[in-house]
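Working through the structure, step by step
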Amino acid sequence: QVQLVESGGGSVQAGGSLRLSCAYSIDGSIINRMGWFRQAPGKEREGVAAISSADGGRTYYADSVKGRFTISQDNAKNTLYLQMNSLKSEDTAMYYCAADFGPVTVSNVLKAGWYHYWGQGTQVTVSS
């Protein structure tokens, strides 16, 4: 059983920053990867950033957020973070935290279909 609860979303002006948090509880599962995804109205859910515990904490980013977003994980607090800087209007979306126990590959780590557990999402709105 895995439970994920996101928080930290909100409204911010372009150029601003937000930090999303995902509090997770894991019961008996071995989670190999966790990630942040986002979905804007009328668009498919896309991978933003992921972190792989199977690879010693290796991180992965979508090209659109490289250099602006940072994913991190605090296992002592059972919390996943997404620090978002230099936000743009195109970052506006519902952001979801996800986790999975499957093997990690470069081709699947940012693909929504490869994640089994999902949070309820937190809205991020960036105004220009």
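Criteria and thresholds
Residues numbered from 1 in each chain as written. Predicted model: local features only at pLDDT ≥ 70, side-chain atom pairs only at ≥ 80, totals over all residues. Heavy atoms only, no water. Core = buried A, V, L, I, M, F, W, Y, C linked by side-chain atoms within 4.5 Å. Buried < 20%, exposed > 50% of the residue type's maximum accessible area, 1.4 Å probe, protein only. Helix = DSSP H or I, 4+ residues; strand = E, 2+ residues; numbered from the N terminus. Contact = heavy atoms within 4.5 Å. Phe/Tyr/Trp six-rings, centres within 6.5 Å; stacked < 30°, edge-to-face > 60°. Pairing = 2+ DSSP bridges. Disulfide = S-S within 2.5 Å.

With 29 residues, the main nonpolar core has L4, M34, W36, L80, L82, M84 and Y95 as its most contacted residues. Of all the secondary structure elements, the ones that give two or more residues to this core are strand 1 (2–7), strand 3 (18–26), strand 4 (33–39), strand 5 (46–52), strand 7 (69–74), strand 8 (79–84), strand 9 (93–100) and strand 11 (122–127). If sequence neighbours within four positions are ignored, Y95 has contacts with E6, L20, F37, R38, V48, F69, L82, M84, G121, T122 and V124. With seven residues, the next largest nonpolar core counts F37, Y60, A98 and V109 among its residues.

Another aspect to go through is the packing of aromatic side chains. The relative placement of two aromatic rings is captured by the distance of their centres and the angle of their planes. All chains considered together, the criterion is met by five aromatic pairs. A centroid spacing of 5.0 Å and a plane angle of 70 degrees characterise the contact between F37 and Y115, whose relative ring orientation is edge-to-face. You can see F37 sitting in strand 4 and its partner Y115 sitting in the loop between strand 9 and strand 10 (117–118), a full 78 residues away along the chain. The burial state of F37 is the same as that of Y115; both residues are buried.

On to the pairing of strand 8, then. Burial within strand 8 is extensive, with five of its six residues counted as buried. Relative to strand 8, strand 3 runs antiparallel, the two sharing six bridges. Residue pairing for strand 8: A23 is matched across the bridge by T79. As paired elements, strand 7 and strand 8 share six bridges and run antiparallel to each other. Residue D74 lies in a different strand from strand 8, and its bridge partner there is T79.

On inspection of all chains with the given rule, the structure shows one disulfide. A disulfide bridge connects C22 with C97, and the sulfur atoms are separated by 2.1 Å. Torsion about the S-S bond of the C22 and C97 cystine: about -75 degrees, corresponding to left-handed handedness. Here C22, found in strand 3, pairs with C97, found in strand 9; they are 75 residues apart in sequence, far enough to count as distant. Like C97, C22 is buried.

Treat this as a map of the structure, not an account of what it does.
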